[in-house]
Structure formats: C-alpha cells, structure tokens
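An overview of the molecular structure
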Amino acid sequence: METEGTQEAGAAQDRHFEWWHHSHPTFAGITGFFAGMLFVTAVPGAFAGILRLLFTYDTAEQLFPFVLLALVLPIALLVKRKTRRFAQFMFVGMIVTALVVLGVASLVLYFMVGA
C-alpha cells in the first residue's frame, strides 16, 4: 500500500520532463524533421518488402506506386493547427532527404559511368 508521499513523489517524477513535449520551441522542429527523414527512407522500403513477401515480383512491382498514398498522413497533419508546425518540418525533412539521396545517387552514377 502506497502512502500519499510516495504517490506525490512518483507524480512529480513523471512530470519532470513533461515541459519538453509541450513548450520547448524546438521539439516540433526536431521531431518533425527526423520523422520526415524516416518517412522518406523507411516507408517505401518497408512497403516494398511487405509487397514482395505477399505477392509475386511482377504484382509487387505493379502495386508499388500505391506507396504514394502514404503522403496522406503528412498532408492530414497540415490541416489541424496543433500539428501544423510538426508537419511543416516533416515536409522539410522529406525534401532535404530526397535531395541528398538524389544528389549522391547522381554523383555516384556520374563517376561510375565516367570510370
């Protein structure tokens, strides 16, 4: 049986970092940016892997463009005011990651073809 003192101490311990999620100015920016990076890299790969496990190669190849339906999530986050800042940084993370991946891939292809 817990006493009131231990309950209050446990509640105070739980609320110690609560301010970080609600009022820190960079929380939405940092988490949104990294969520966008993860969204660009992990979602298409996981979708392709699941399709390949469930269907033949040709069918999985035909169904892969449906991964674009995953863009509904960040667009829906833009609609609600409370999640708009997170979604904006998520789009920044998605665009920066896509540009870096395309830039590195084009440089690698340029040097491989030139060699």
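Structure first, text after, so check above.
The rules behind each value
Residues numbered from 1 in each chain as written. Predicted model: local features only at pLDDT ≥ 70, side-chain atom pairs only at ≥ 80, totals over all residues. Heavy atoms only, no water. Helix = DSSP H or I, 4+ residues; strand = E, 2+ residues; numbered from the N terminus. Buried < 20%, exposed > 50% of the residue type's maximum accessible area, 1.4 Å probe, protein only. Contact = heavy atoms within 4.5 Å. Areas by Shrake-Rupley, 256 points an atom, 1.4 Å probe, with all protein chains shown as cover. Core = buried A, V, L, I, M, F, W, Y, C linked by side-chain atoms within 4.5 Å. Phe/Tyr/Trp six-rings, centres within 6.5 Å; stacked < 30°, edge-to-face > 60°. Patch = residues over 30% accessible without salt bridge, like charges linked within 9 Å, V, L, I, M, F, W, Y side chains within 5 Å. Salt bridge = Lys/Arg side-chain N within 4 Å of Asp/Glu carboxyl O. Lys, Arg positive; Asp, Glu negative; His and termini not counted. Charge placed at Lys NZ, Arg CZ, Asp CG, Glu CD. Axes fitted to C-alpha atoms, helices over the stretch in contact; angles between N-to-C directions. Parallel < 35°, antiparallel > 145°, perpendicular 65-115°, else oblique. Left-handed = near helix turned anticlockwise from the far one by under 90°.

So, on to the overall build of the chain. In terms of helices and strands, the chain carries 6 helices and 0 strands. Along the chain, helices and strands appear, N-terminal first, in the series α-α-α-α-α-α. Going through the 115 residues of the chain one by one, you find that 13% of them count as buried. Counted over contacts in the chain with a minimum sequence separation of 6, partners at least 24 positions apart contribute 53%. Carbon and sulfur atoms make up 72% of the accessible area of the chain, which totals about 9100 Å².

Here we come to the nonpolar core. Counting residues in hydrophobic clusters, the biggest one holds 5 residues: Phe39, Leu77, Ala87, Met90 and Met94. With 3 residues, helix 6 (residues 84–114) is the single largest residue contributor to this core.

Following the criterion strictly, the structure yields 3 aromatic pairs and no others. Relative to Phe64, the ring of Phe47 lies with its centre 6.2 Å away and its plane at 45°, an arrangement referred to as tilted. Here Phe64 lies in the loop between helix 4 (57–63) and helix 5 (72–79) and Phe47 lies in helix 3 (residues 27–54), a separation of 17 residues in the sequence. Residue classification places Phe64 among the partly exposed positions, given a relative accessible area of 32%. An angle of 70° between the planes, with centres 5.3 Å apart, marks the rings of Tyr110 and Phe111 as edge-to-face.

On to a positive patch on the surface. The grouping of Lys80, Arg81, Lys82 and Arg84 at the surface amounts to a positive patch. Relative to the elements of secondary structure, Arg84 occurs in helix 6. Using a relative accessible area of 33% as the deciding quantity, one classes Arg84 as partly exposed.

Next up on the list: the packing of helix 3 against helix 6. Helices that pack against each other are described as a pair by the angle of their axes relative to one another and the distance between those axes. One way to put it is that helix 3 packs onto helix 6 with a least axis distance of 6 Å and a crossing angle of 45°. With respect to helix 6, the axis of helix 3 lies oblique. In terms of crossing hand, the pair formed by helix 3 and helix 6 is right-handed. Two secondary-structure elements touch here, helix 3 through Ala28, Gly29, Thr31, Gly32, Phe33, Ala35, Gly36, Met37, Phe39, Val40 and Thr41 and helix 6 through Arg85, Phe86, Phe89, Met90, Val92, Gly93, Met94, Val96, Thr97 and Ala98.

Before going further, it helps to spend a moment on the environment of Pro44. Mapped onto the elements of the fold, Pro44 is located in helix 3. Spatially, the C-alpha atom of Pro44 lies 8.8 Å from that of Leu68, the residues being 24 residues apart in sequence. Apart from residues no more than four positions distant in its own chain, Pro44 is found in contact with Phe39, Phe64 and Val67.

Among the structural elements, Thr97 can be located in helix 6. If sequence neighbours within four positions are ignored, Thr97 has contacts with Met37, Val40 and Thr41.

No statement about biological role is implied by the geometric values presented.
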